[in-house]
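What follows is each chain in one-letter form.
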Amino acid sequence: MEWLLWIAVGIIAYFAISRFTAPTKGIKTMSTDELKPALGKKNKQYIDVRTPAEFKANHIKGFKNIPLNDLPKRVNELSKDKETLVICQSGMRSSRASQLLKKNGFTNIVNIRGGMSSYRG
């Protein structure tokens, strides 16, 4: 009977982990290497959700700094018609920002995997 408990715990753990590691439906991802050819395109908007201090220390030209904490009240500064590429330091805040944008009606969102930590410009 104890083995059934372990199987149940394993199944629950699997679904819990996959829920947090699977990409959110409707949000694409790309690596920082895939980002390079997409930079500077007019039909895209580039958002960096790190703090102003992080942004000032190092950022990619063309990205607009809208810190994650400010994004809910500044979402109206962005166009829902353009593809929105979102970056942070490691990918965690940009993932949360991407979900927030999706909830606000954005349909073409790309989260940059690895963030600035993996960007080699």
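Residues numbered from 1 in each chain as written. Predicted model: local features only at pLDDT ≥ 70, side-chain atom pairs only at ≥ 80, totals over all residues. Heavy atoms only, no water.

Draft legend 1. Here's a closer look at the overall build of the chain. Helix and strand counts for the chain come out as five helices and five strands. Within the span of the chain, comprising 121 residues, buried residues form 36% of the whole. Total accessible area on the chain is roughly 7,900 Å²; 59% of this is exposed by carbon and sulfur atoms. (Helix = DSSP H or I, 4+ residues; strand = E, 2+ residues; numbered from the N terminus. Buried < 20%, exposed > 50% of the residue type's maximum accessible area, 1.4 Å probe, protein only. Areas by Shrake-Rupley, 256 points an atom, 1.4 Å probe, with all protein chains shown as cover.)

Draft legend 2. Inspection of the nonpolar core at higher detail. With 15 residues, the main nonpolar core has Val49, Leu71, Leu78 and Leu101 as its most contacted residues. Residue contributions to this core peak at three residues, all from helix 5 (residues 92-103). For Val49, the contacting residues outside a window of four places in its chain are Ile66, Pro67, Leu68, Val86, Ile87, Cys88, Arg93, Ser94 and Ala97. Leu35, Phe55, Phe63 and Ile112 belong to the second-largest nonpolar core, a separate cluster that totals 13 residues. (Core = buried A, V, L, I, M, F, W, Y, C linked by side-chain atoms within 4.5 Å. Contact = heavy atoms within 4.5 Å.)

Draft legend 3. Expanded view of the pattern of salt bridges. Applying the stated criterion to the full structure yields nine salt bridges. We note a salt bridge from Lys44 to Glu83, for which the minimum N-O separation is 2.3 Å. One end of the pair, Lys44, is in strand 2 (residues 44-48); the other, Glu83, is in strand 4 (residues 83-87), and 39 residues separate them in sequence. You can call Lys44 buried: its relative accessible area is 17%. A salt bridge links Asp48 to Arg50, with the shortest nitrogen-to-oxygen separation between them at 2.8 Å. (Salt bridge = Lys/Arg side-chain N within 4 Å of Asp/Glu carboxyl O.)

Draft legend 4. Representation of the packing of aromatic side chains in the model. Summed over the entire model, instances satisfying the criterion amount to one aromatic pair. Between Tyr46 and Phe63, the aromatic rings sit 5.3 Å apart at their centres with planes inclined by 55°, giving tilted as the arrangement. With a gap of 17 residues between them, Tyr46 in strand 2 and Phe63 in the loop between helix 3 (52-57) and strand 3 (64-65) connect regions that are remote in the sequence. Considered together, Tyr46 and Phe63 belong to a single accessibility category, that of buried residues. We note Lys36 situated over the ring of Tyr119; from NZ or CZ to the ring centre the distance is 5.6 Å. (Phe/Tyr/Trp six-rings, centres within 6.5 Å; stacked < 30°, edge-to-face > 60°. Lys NZ or Arg CZ within 6 Å of the ring centre and 35° of its normal.)

Draft legend 5. Molecular detail of the environment of Ile109. Take Ile109: it is sitting in strand 5 (residues 109-112). Separated by 26 residues in the primary sequence, Ile109 and Glu83 place their C-alpha atoms 5.9 Å from one another. In contact with Ile109, not counting residues within four places along its chain, are Gly26, Ile27, Lys28, Thr84, Val86, Ser98, Leu101 and Lys102.

Draft legend 6. Expanded view of the sheet that holds strand 5. Within the open sheet, the five strands sit side by side as 1-5-4-2-3. Their pairing is parallel. This sheet does not close on itself; its edge strands, each paired only once, are strand 1 (27-30) and strand 3. Examined bridge by bridge, strand 2 and strand 3 share two bridges and lie parallel to one another. Paired with Ile47 across the bridge in strand 3 is Lys64. (Pairing = 2+ DSSP bridges.)

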